[in-house]
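A structural walkthrough
For reference, the chains in residue letters:
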Amino acid sequence: MTQSDTNGLEAVVLAAGRGVRFGGGKLLALLDDAPLVAHALRTALLSPVRRVFVAVADPAVRAAVETTARRLKASERLVVVPVENADEGMGASLRTAAAALPDDTTAVFVFLGDMPAIDPATPALLARALKSPHDIVAPLHLGRRGHPVLFGATWLPALRTLSGDEGARALLENAGARLARIPVHDPGIHLDVDRPEDLARAIEGR
């Protein structure tokens with residue numbers, strides 16, 4: 001992307017899930033003395049984006065997100081997006097957040113709130129690799145795709161109509177040549193915290 005294109009680059013952090021497999025309260029579980037969601041938000045805020053739109057359902061998660069943004073002196077770049085039908089699944093969260101994006105959005109990163117270990121250099125690399133609004137860019141490590149995923153503006157209408165619990169997976173599977181897989185030296189693109197043992201593994205890896 002050119003510098004002018006990045007002026008319309010936004011980020012979404014999906015943080016409206018209940019964390020059922022974790023036993024509840026996942027996004028507020030502590031990692032390095034900060035809520036799990038704070039790590040994903042920090043990486044998003046360090047990305048070359050104008051703003052970060054965080055999809056939330058739990059008031060406690062919202063408070064943690066707002067506190068994190070204040071501590072990072074980035075409150076003016078934070079947009080909290082309440083998700084009323086979060087029980088529908090990840091599709092509802094992404095649909096709601098995508099609907100909140102401004103009309104001049106040129107591309108949008110999709111981060112997951114339970115992925116705390118993504119190298120902040122990875123989103124910048126993906127942004128440089130986006131060549132067209134028709135493209136999707138995803139990181140690749142050890143032959144496996146990970147997060148965050150960067151969607152060009154052409155994909156916004158599809159993001160705004162998602163449903164179910166698989167998020168944008170079907171879009172990625174059907175993107176064909178429009179999906180660019182960018183190799184990165186970043187194992188964090190695969191580390192998501194679904195269960196308590198995943199958090200323990202993340203703590204051990206610090």
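The present account deals with the structure reproduced in this document. Remember, it's a predicted structure, so these values are computed and weren't measured experimentally.

Looking now at the pairing of strand E4 (residues 52–56). Most of E4 is tucked away, with five of its five residues classed as buried. Both faces of E4 are covered, namely the face carrying Val 52, Val 54 and Val 56 and the face carrying Phe 53 and Ala 55. Relative to strand E5 (residues 78–82), E4 runs parallel, the two being bridged by five bridges. Counted as the bridge partner of Ala 55 is Val 81 from E5. For the segment spanning E4, helix H3 (residues 59–71) and E5, crossover handedness is right-handed.

Membership of the largest hydrophobic core comes to 61 residues, with the highest contact counts inside it found for Val 52, Val 54, Phe 109, Phe 151 and Leu 159. Not counting residues within four places of it along the chain, the set of residues in contact with Phe 151 comprises Ala 107, Val 108, Val 110, Asp 135, Ile 136, Leu 159, Ala 168, Leu 171 and Leu 172. One finds Phe 22, Ala 29, Leu 31 and Leu 199 within the second-largest nonpolar core, a separate group that totals six residues.

Moving on to helix H5 (residues 121–129). Residues that lie three or four places apart on an α-helix share one face, since the helix turns once every 3.6 residues. Here H5 has its buried residues at Thr 122, Pro 123, Leu 126, Ala 127 and Ala 129. Buried residues in H5, looked at end-on, bunch into an arc of 160°, giving them a common side. Next to the buried residues of H5 lie strand E1 (9–15), helix H2 (36–46), strand E6 (107–112), strand E7 (136–141), strand E9 (149–152) and strand E10 (179–183).

At a minimum axis distance of 9 Å, the contact between H2 and H3 shows a crossing angle of 45°. Between H2 and H3, the crossing angle belongs to the class labelled oblique. With respect to the hand of their crossing, H2 and H3 are arranged in right-handed fashion. Here Val 37, Ala 38 and Leu 41 of H2 come into contact with H3, specifically with Ala 64, Val 65, Thr 68 and Ala 69. Classifying every residue of the contact of H2 with H3 by side-chain character gives six nonpolar, one polar and no charged.

Rules used in this analysis
- The written sequence of each chain sets the order in which its residues are numbered from 1.
- In keeping with the predicted nature of the model, local features appear solely for residues at pLDDT of at least 70, side-chain atom pairs appear and are counted solely at 80 or more, and the whole-chain, interface and lining totals rest on all residues.
- For side-chain calculations, the full set of non-hydrogen atoms in the structure is used, while hydrogens and water are omitted.
- Partly exposed describes any residue whose relative accessible area lies between the buried limit of under 20% and the exposed limit of over 50%, with all areas from a 1.4 Å probe on protein chains only and scaled to the type maximum.
- Numbering of helices and strands starts at the N terminus; helices are DSSP runs of H or I of at least 4 residues and strands are runs of E of at least 2.
- A pair of strands counts as paired when DSSP detects no fewer than two bridges linking them.
- By convention a crossover is right-handed if, when the strands point away from the viewer, the path from the first strand over the helix to the second runs clockwise.
- As used here, the term nonpolar core means buried Ala, Val, Leu, Ile, Met, Phe, Trp, Tyr and Cys residues forming a set that is joined through side-chain atoms within 4.5 Å.
- Every residue pair with non-hydrogen atoms within 4.5 Å of one another is taken to be in contact.
- The arc in question is the one spanned by the directions pointing from the helix axis to the C-beta atoms.
- Simply put, an axis is a line fit to the C-alpha atoms, just over the touching stretch for a helix, and the angle between two N-to-C directions goes from 0 to 180 degrees.
- Any angle between 65 and 115 degrees counts as roughly perpendicular, while under 35 counts as roughly parallel, over 145 as roughly antiparallel, and the rest as oblique.
- Left-handed describes a crossing whose near helix is turned anticlockwise from the far helix by less than a right angle; the clockwise case is right-handed.
- For this classification, the nonpolar set comprises Ala, Val, Leu, Ile, Met, Phe, Trp, Tyr, Cys and Pro, the charged set comprises Asp, Glu, Lys and Arg, and every other residue, Gly included, is treated as polar.

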